[in-house]
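Remarks on the overall topology
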Amino acid sequence: MIYLIITTCLNNKYGKQDPKHRQRWYMKSITKALEYSKNLPIKTIIVENNGKRETFLDVFSSHADIVYTDNNSIVTTNKAQNELLDIKEIIAKYNIQDDDMVIKLTGRYTIISPLFFSSVGDVV
């Protein structure tokens, strides 16, 4: 199985605080990733780490699983540690196996071509 894990952090504790800009960025980038992967055998999971609640990410629920964690509340020395906790939580929740393929994408990174996803789809 191929999993696409899209990590998000709507209320960031590092860097510039601009929620409206962050939302526009996430919406654009996630929409593009879902568009490019929609007809491929990829299970998409969006993980957000500021607790269970309703967010704008819920609009993607017909195309991806949305999982909310509390990992951003854990004090760490850098944001990568919180993100790693999110990924580990998804691996456990979905029982992802060693022979499964995992594609991790930061939700604010915009895919500019379907080539990567179609190449991965061809591998299966």
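Use the structure listed above.
So, a few notes on the structure that sits alongside this text.

About the criteria used
- Residues numbered from 1 in each chain as written.
- Predicted model: local features only at pLDDT ≥ 70, side-chain atom pairs only at ≥ 80, totals over all residues.
- Heavy atoms only, no water.
- Helix = DSSP H or I, 4+ residues; strand = E, 2+ residues; numbered from the N terminus.
- Buried < 20%, exposed > 50% of the residue type's maximum accessible area, 1.4 Å probe, protein only.
- Pairing = 2+ DSSP bridges.
- Axes fitted to C-alpha atoms, helices over the stretch in contact; angles between N-to-C directions.
- Contact = heavy atoms within 4.5 Å.
- Core = buried A, V, L, I, M, F, W, Y, C linked by side-chain atoms within 4.5 Å.

The subject of this paragraph is unusual backbone geometry. Phi is positive for N95, which is not a glycine, with a value near 50 degrees. For N95, the position within the fold is in the loop between α2 (79-93) and β4 (101-106). Note on N95: relative accessible area 53%, which makes it exposed.

Glancing now at the sheet that holds strand β1 (residues 2-8). Where strands meet in a sheet, backbone hydrogen bonds hold them as pairs that are either parallel or antiparallel. Read across the open sheet, the four strands follow the order β3-β2-β1-β4; overall the sheet is parallel. Edge strands, defined here as strands with exactly one partner in the open sheet, are β3 (65-68) and β4. Pairs of neighbouring strands in the sheet enclose a mean axial angle of 25 degrees, with direction left out of account. Here β1 runs beside strand β2 (residues 42-48); their pairing, made up of seven bridges, is parallel. For I6, the partnering residue across the bridge sits in β2 and is I46. Helix-sheet contacts for helix α1 (residues 19-37) involve β1, β2 and β4, and the interaxial angle to β1 is about 175 degrees.

This brings us to the nonpolar core. In this structure, L4, I6, I30, I46, L57, F60 and F117 are the most contacted members of the largest nonpolar core, which totals 23 residues. Mapped onto this core, the elements with two or more residues apiece are β1, α1, β2, β3, β4 and α3 (115-123). Every residue in contact with F60, bar those within four places of it in the chain, is listed here: M27, I30, T31, L34, I46 and I66. Counting residues in hydrophobic clusters, the runner-up holds nine residues, among them Y3, I45, V67 and I87.

Its place among the elements puts K52 in the loop between β2 and β3. For K52, a relative accessible area of 69% corresponds to the exposed category. As for K52 and D70, which are separated by 18 residues in sequence, their C-alpha atoms are 7.7 Å apart. When near neighbours in sequence (up to four residues on either side) are disregarded, K52 contacts Y68 and D70.

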